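Topology and contacts: notes
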Number of protein chains: 6
Amino acid sequence: MATVYLTRKITFCASHRLNSSQLSVEENKRIFGKCNNENGHGHNYTLEVTIKGEIDPKTGMVMNITDLRKIMDTHVADIMDHKHLNLDVEVFKTVNPTAENMIVVIWKLLEPHLAKGQLFEVKLHETDNNTSIYRGE
Amino acid sequence: MATVYLTRKITFCASHRLNSSQLSVEENKRIFGKCNNENGHGHNYTLEVTIKGEIDPKTGMVMNITDLRKIMDTHVADIMDHKHLNLDVEVFKTVNPTAENMIVVIWKLLEPHLAKGQLFEVKLHETDNNTSIYRGE
Amino acid sequence: MATVYLTRKITFCASHRLNSSQLSVEENKRIFGKCNNENGHGHNYTLEVTIKGEIDPKTGMVMNITDLRKIMDTHVADIMDHKHLNLDVEVFKTVNPTAENMIVVIWKLLEPHLAKGQLFEVKLHETDNNTSIYRGE
Amino acid sequence: MATVYLTRKITFCASHRLNSSQLSVEENKRIFGKCNNENGHGHNYTLEVTIKGEIDPKTGMVMNITDLRKIMDTHVADIMDHKHLNLDVEVFKTVNPTAENMIVVIWKLLEPHLAKGQLFEVKLHETDNNTSIYRGE
Amino acid sequence: MATVYLTRKITFCASHRLNSSQLSVEENKRIFGKCNNENGHGHNYTLEVTIKGEIDPKTGMVMNITDLRKIMDTHVADIMDHKHLNLDVEVFKTVNPTAENMIVVIWKLLEPHLAKGQLFEVKLHETDNNTSIYRGE
Amino acid sequence: MATVYLTRKITFCASHRLNSSQLSVEENKRIFGKCNNENGHGHNYTLEVTIKGEIDPKTGMVMNITDLRKIMDTHVADIMDHKHLNLDVEVFKTVNPTAENMIVVIWKLLEPHLAKGQLFEVKLHETDNNTSIYRGE
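A few points on the structure. Please read these numbers as outputs of a predicted model, since none were measured by experiment. (Residues numbered from 1 in each chain as written. Chains lettered and ligands numbered in written order. Predicted model: local features only at pLDDT ≥ 70, side-chain atom pairs only at ≥ 80, totals over all residues. Heavy atoms only, no water.)

1. Things to note about the interface of chain B and chain A
If you look at the interface, chain B gives 20 residues, while chain A gives 20 residues. Counting the surface lost from both chain B and chain A, the interface buries some 1,600 Å², and carbon and sulfur atoms represent 49% of this. The three residues of chain B that bury the most area against chain A are Asn39(B), Asn44(B) and His82(B), which together make up 37% of that side's buried surface. Linking chain B with chain A are two salt bridges. Between Lys34(A) and Asp81(B) there is a salt bridge, and its shortest N-O distance comes to 3.0 Å. Linking chain B to chain A there are 17 residue pairs in polar contact (both at pLDDT 80 or more). Where the side of chain B that touches chain A is concerned, the elements lending two or more residues are strand E1 (3-16), strand E2 (41-54), strand E3 (83-84) and helix H3 (85-88) of chain B. Counting residues per element, the side of chain B that touches chain A draws most heavily on E2(B), which supplies four residues. (Contact = heavy atoms within 4.5 Å. Buried area = accessible area lost by both parts, 1.4 Å probe. Salt bridge = Lys/Arg side-chain N within 4 Å of Asp/Glu carboxyl O. Polar contact = N/O pair within 3.5 Å; in protein donor to acceptor, adjacent residues only side chain to side chain. Helix = DSSP H or I, 4+ residues; strand = E, 2+ residues; numbered from the N terminus.)

Shown next as structure tokens:
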């Protein structure tokens, strides 16, 4: 039996503002700089989700990648695409939408819809140069 | 004498909302769909500016590309990067920030800082799949 | 009034075989080499369609890019995606599906569904290194 | 001594049809959808092979990456490039050429030509959005 | 008859130093900055050559793109790849190897090996952000 | 507590020559081929540095990615960008600047400026096709 990793990539466009309720106005400005701009800014986010599993000898697939895409569309893109994360997405009304917090949130959104132990990695590219990865550790 | 085209690419991250003051609420919703989301959404914009000119035989350059980058940074990125276009950028308080309107605005911002006839093309990628081009026609 | 070029990119996956009915078996082998393989081979084609027009002052758009994408999906992708061009697409049963012939075919498929004079350019990337462009000339 | 991972990327163009001999005609249609098209479809596959080893203090290399490329060309590209996988490649006459099955096949093709324990990972991108990884587990 | 543009892309790796014999040491330092570093620096150059012509009704091709690649390999890559342009390439011993001068040189190297009027454009990407284009004007 | 991996990408342009003082002239020529060209050649290097850590609940960040970029700029780019590695960078006067040796050198340059255990991976792309990775093993 062979264990294979399968990755699906999608993109979504959203705006956000980095601002923590646990920091003062001055601390937020100093730490987040231009990312703290009051009216927010935005990104074309690229999300890569990797699942892990054995190849089903009947189909030759670990999972139908079309099903994986649908789960990502329904539970992530439908909630975050063409939205202002801080204002339109419930969880980010209290959680600062850094890339780090976003991937943990995305992990929690996806995990219940996949088989136990199947979700391996969530990778989020905020820009071509900035990437965050979470493996449920 | 050889005429050469020189292109410099920069990126900036901004949020915007497609909404026209000349259309009703219903028309804006129907025409712009999810891009009309009240709180906006965002993009990593990629801007490519092309100038045209003869090679200076002394330097071997049409223009110092570092100077071109500085003009783009000062007159476009400094105004639009990490901003909400509709709320933070004066011109887009009345002009709908579609990619088409944005490149005409960007052309007008850059042209006064380049030699007469030097600006050839402004290209703006809103996403990997959507691009607008203006050549001053 | 400003004339703007608007480009939309889509991808489709197809197989094809380069083989001309006007050439002998030996000529086809010699000219097309491995692209003449009897059972065909395939590509992830990237198609970029550019339209040209004036910005509508009401909407700020030349054309709704979502409508452009739908026209490309309906009249190109629905016919060619996940197909064997020579065997599944009527026109390529008699026309050799080179990238050059494909873009002229694609131009003819799209033109009737756009305003007169609106279609400006069809660009097809067969691989990252090989591209063909047609402008209706 | 430093352990380093070295990755070489190549591309090849092939067509395939997803169809399992262990499934009925109806099941194949339902599970594989448009990928089950009888005449097949195709991709520009991107293959990344990673080896792992210690740096040779004399050469400063883990392995000559030119040799790695030659092994990949000879044992993978020469067999699969510009081919119809199901019809032209022996193993895929009985094995369904999903990306998952392909990377296990590619691992087996490469392993005998590398030092024991040297092959670390085979990664295959079927499209920009769909990727499979095998680590010999 | 349809006129089509055909583009082939290749890459080559070279080092160069921007330094003009018509400028003083101080002027060279001021104008070219870090590009004037005495021992040079380097790039992965990407070269895109576009030819223009009518589709041959027999073959369905404007030109065999494999022949175009061979001409580019023989007359550009074989001369510039893995070389120090200023020291190893005859013409750049006296001509400052800016991207602008390079594309004019490359145009002259390619033109004699193509049909009259066939060469349309030479585009050179020095980095992802800096590009020069020459059309023989 | 969630452990997250954070990656920052930068590029730098440098020239180098592959040549080992522990090999004869003939061995260097045979092993490194065109990479042994006496005057060197160059690359646009892409460097990806990944750190690992827990999310700070106050900021929502593992580390301020702007600080990571500054460390990479100061301790790598400022030393290697627009330089000839063998001639301008002290360590490569005696160490052969293969990608493998470069990432171990880069690891050692970065590690003292990060928290203990924070540096997870250094990845260097010499070209689009050739990549080396070091994880401190």
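Anyway, onward from the coordinates.
2. So, the relation of the copies chain B and chain A
What relates the pair of chain copies is a rotation about an axis plus a shift along that axis. Overlaying chain B with chain A gives an RMSD of 0.0 Å, the required rotation being 180° about an axis along which the chain moves by 0.0 Å. Considering both components of the superposition, the chain copies are consistent with a two-fold axis. Of the residues that chain B buries at the interface, 100% are likewise interface residues in chain A, meaning the two copies contact each other through the same surface. (Least-squares fit on C-alpha atoms with pLDDT ≥ 70 in both.)

3. Some words on the environment of Lys123(B)
Residues and elements named next belong to chain B. For Lys-123, the position within the fold is in strand E4 (residues 119-125). Of the residues examined, Lys-123 reaches a relative accessible area of 22% and is grouped as partly exposed. Along the primary structure Lys-123 and Asn-36 are separated by 87 residues, whereas in three dimensions their C-alpha atoms are 23 Å apart. Filtering out sequence-adjacent residues up to four positions away, Lys-123 remains in contact with Thr-46, Leu-47, Glu-48, Thr-131, Ser-132 and Ile-133. (Buried < 20%, exposed > 50% of the residue type's maximum accessible area, 1.4 Å probe, protein only.)

4. A word on the packing of aromatic side chains
All names here are of chain D. Throughout the structure, instances matching the rule amount to 18 aromatic pairs over all chains. Both rings, one in Phe-12 and one in Tyr-45, keep their centres 5.1 Å apart while their planes meet at 20°; by these two values the pair is stacked. Note that Phe-12 is positioned in strand E1 (residues 3-16) and Tyr-45 in strand E2 (residues 41-54), a separation of 33 residues in sequence. Its relative accessible area of 0% is what places Tyr-45 among the buried residues. (Phe/Tyr/Trp six-rings, centres within 6.5 Å; stacked < 30°, edge-to-face > 60°.)

5. Thoughts on the pairing of strand E1 (residues 3-16) of chain E
Within E1(E), twelve of the 14 residues are buried, which leaves it mostly tucked inside the rest of the structure. Bridge count between strand E5 (residues 130-134) of chain C and E1(E): five bridges; the pairing is antiparallel. Of the residues in E1(E), the one forming a bridge with Ser132(C) is Leu6(E). Where E1(E) meets strand E3 (residues 83-84) of chain E, two bridges bridge the pair, whose relative direction is parallel. Bridging from a neighbouring strand, Ala14(E) pairs with Lys83(E) of E3(E). (Pairing = 2+ DSSP bridges.)

6. Some remarks on the arrangement of the chains
The two partners chain A and chain C share no contact, and the minimum distance between any of their C-alpha atoms is 14 Å. Where chain B comes nearest to chain D, the C-alpha atoms are still 12 Å apart, and the two do not contact one another.

7. Observations regarding helix H1 (residues 25-32) of chain D
Counting along an α-helix, one turn takes 3.6 residues, and residues three or four places apart therefore face a common direction. Residues and elements named next belong to chain D. Buried within H1 are the following residues: Asn-28, Ile-31 and Phe-32. In an axial view of H1, the angular spread of the buried residues amounts to 80°, which keeps them on one side of the axis. Set apart from the buried face of H1 by more than 90 degrees, the exposed residues are Glu-26, Lys-29 and Arg-30. Positive phi shows up at Gly-33, right after H1, with a value of about 55°. (Arc of directions from axis to C-beta.)

8. Some thoughts on the packing of helix H2 (residues 65-80) of chain C against helix H4 (residues 99-110) of chain C
All names here are of chain C. The geometry of H2 relative to H4 is characterised by a closest axis approach of 9 Å and an angle of 135° between their N-to-C directions. Relative to H4, H2 is oriented oblique. The hand of the H2/H4 crossing is right-handed. Residues Ile-71, Met-72, His-75, Val-76 and Met-80 of H2 pack against Met-102, Val-105, Ile-106, Leu-109 and Leu-110 of H4. (Axes fitted to C-alpha atoms, helices over the stretch in contact; angles between N-to-C directions. Parallel < 35°, antiparallel > 145°, perpendicular 65-115°, else oblique. Left-handed = near helix turned anticlockwise from the far one by under 90°.)

9. Comments concerning the interface of chain A and chain D
In this assembly, 20 residues from chain A lie in contact with 20 residues from chain D. Summing both partners gives a buried area of about 1,700 Å² for chain A against chain D, and 49% of it is carried by carbon and sulfur. The three residues of chain A that bury the most area against chain D are Tyr5(A), Lys58(A) and Thr59(A), which together make up 31% of that side's buried surface. For the interface between chain A and chain D, the tally reads zero salt bridges. Taken together, chain A and chain D are joined by 13 residue pairs in polar contact (both at pLDDT 80 or more).

10. Brief notes about the environment of His84(D)
If you trace the backbone, His84(D) turns up in strand E3 (residues 83-84). Those residues in contact with His84(D) that sit more than four places away from it in its chain are Asn37(C), Asn39(C), Gly40(C), Ser15(D), His16(D), Arg17(D), Asn39(D), Gly40(D) and Val89(D).

11. As for the relation of the copies chain A and chain D
Its rotation angle being 120°, the transformation that places chain A on chain D also includes 0.0 Å of axial translation and leaves an RMSD of 0.0 Å. This pairing of chains is accounted for by a three-fold axis. Residue Asp128(A), judged by its C-alpha, is the member of chain A lying nearest the rotation axis, at 8.6 Å.

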